Amino acid sequence: MAKYAVNPEAVDNARKLIDARQYVLDSDWGEAQPRADDQNAYLEKHSWDEYGAWHLGLTDGAGEETKARYAFVLGDFRRIHRTALIASVYRASEWRHKEVELAAHDLLQYLDAKTA
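This write-up is about the structure you can find in this document. (Residues numbered from 1 in each chain as written. Predicted model: local features only at pLDDT ≥ 70, side-chain atom pairs only at ≥ 80, totals over all residues. Heavy atoms only, no water.)

**Remarks on the overall build of the protein**
1) Next: Looking only at helices and strands, one finds six helices and five strands in the protein.
2) Next: When the elements of the protein are put in sequence order from the N terminus, they spell out β-α-β-α-α-α-β-β-β-α-α.
3) Next: Over its C-alpha trace the protein gives a radius of gyration of 13 Å, about what one expects of a compact globule, namely 13 Å for 116 residues.
4) Next: C-alpha atoms of the protein, sized along the principal axes, occupy 40 × 35 × 25 Å.
5) Next: Counting every atom, the protein has about 6,800 Å² of accessible surface; 47% of that belongs to carbon and sulfur.
6) Next: The averaged location of the 20 negative side-chain charges in the protein is 3 Å from the averaged location of its 15 positive side-chain charges. (Helix = DSSP H or I, 4+ residues; strand = E, 2+ residues; numbered from the N terminus. Rg over C-alpha atoms; globule rule 2.2 N^0.38 Å. Areas by Shrake-Rupley, 256 points an atom, 1.4 Å probe, with all protein chains shown as cover. Lys, Arg positive; Asp, Glu negative; His and termini not counted. Charge placed at Lys NZ, Arg CZ, Asp CG, Glu CD.)

**Some thoughts on the environment of Ala68**
1) Next: Looking at where Ala68 falls in the secondary structure, it is placed in the loop between β3 (55–59) and β4 (70–73).
2) Next: Ala68 sits in the exposed class, given a relative accessible area of 54%.
3) Next: Taking the C-alpha atoms as reference points, Ala68 and Leu58, 10 residues apart in sequence, are found 8.7 Å from one another.
4) Next: Excluding residues within four positions of it along the chain, Ala68 makes contact with Thr59 and Ala62. (Buried < 20%, exposed > 50% of the residue type's maximum accessible area, 1.4 Å probe, protein only. Contact = heavy atoms within 4.5 Å.)

**Considerations on the packing of helix α5 (residues 82–94) against helix α6 (residues 98–115)**
1) Next: Contact geometry of α5 with α6 gives a least axis separation of 8 Å together with a crossing angle of 155 degrees. Taken together, the axis directions place α5 and α6 in an arrangement best described as roughly antiparallel. Note that α5 runs across α6; the crossing there is left-handed. Counted together, Arg82, Leu85, Ile86, Ser88, Val89, Ala92 and Ser93 of α5 and Val100, Glu101, Ala104, His105, Leu107, Leu108, Leu111 and Asp112 of α6 form the full contact between these two elements. (Axes fitted to C-alpha atoms, helices over the stretch in contact; angles between N-to-C directions. Parallel < 35°, antiparallel > 145°, perpendicular 65-115°, else oblique. Left-handed = near helix turned anticlockwise from the far one by under 90°.)

**Describing the nonpolar core**
1) Next: Core analysis: the largest hydrophobic core is formed by 29 residues, its most contacted members being Trp54, Leu56, Leu74, Ile80 and Leu85.
2) Next: For this core, the secondary-structure elements that each account for two or more residues are α1 (8–19), α3 (36–45), β3, β4, α5 and α6.
3) Next: Ranked by residue count, the leading element in this core is α6, at seven residues. (Core = buried A, V, L, I, M, F, W, Y, C linked by side-chain atoms within 4.5 Å.)

**A word on the sheet that holds strand β1 (residues 4–6)**
1) Next: On the basis of which strands lie adjacent, the open sheet formed by three strands has the order β1-β3-β4 and antiparallel pairing. Both edges of this open sheet fall to β1 and β4, since each of them pairs with a single strand only. Each neighbouring strand pair of the sheet contributes to a mean axis angle of 35 degrees, computed without reference to strand direction.
2) Next: Where β3 meets β4, three bridges bridge the pair, whose relative direction is antiparallel. Across the sheet, Gly57 pairs through a bridge with Ala71, a residue of β4. (Pairing = 2+ DSSP bridges.)

**Focus on α1**
1) Next: Over its 12 residues, α1 runs 17 Å from end to end, which matches the ideal 16 Å to within 8%, given 1.5 Å per residue.
2) Next: Of all the positions in α1, only Ala10, Ala14, Leu17 and Ile18 are classed as buried. Along α1, the residues classed as buried sweep out an arc of 100 degrees about the axis, all on the same side.
3) Next: Elements in contact with the buried residues of α1: β2 (23–24), α4 (48–52), β3, β5 (80–81) and α6.
4) Next: Two to three positions downstream of the cap, the backbone nitrogen of Glu9 sits 3.1 Å from a side-chain oxygen, assigning the N-cap of α1 to Asn7.
5) Next: Directly beyond the C-terminal end of α1, a positive phi value near 60 degrees is found at Arg21. (Expected span 1.5 Å × (residues − 1). Arc of directions from axis to C-beta. Polar contact = N/O pair within 3.5 Å; in protein donor to acceptor, adjacent residues only side chain to side chain.)

Note that all results are geometric; they support no functional claim without further evidence.
Shown next as structure tokens:
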């Protein structure tokens, strides 16, 4: 099973987007999450660092500047999705990636506090 480290750039990016009110509070994450074509289109116009800032997890051992390096996407490359945070908490918890789970949980709590 892959192991993941928390991506601090993604945490910073998520907090900035939340502070700037760039979020979606209610979405069907299964429909809204970026597909491979969306990812490729984003990478055509943005750097790997910008792409990585949308992913809460960094895959241990994966090569730099590869999609395999990044996991737990937090939004649609424009806005954070609350349902993406919930999915990240759930999936990280399910597979016992505790640091990622807690980071996603903290971001979810931060979003909820800002929108209460």
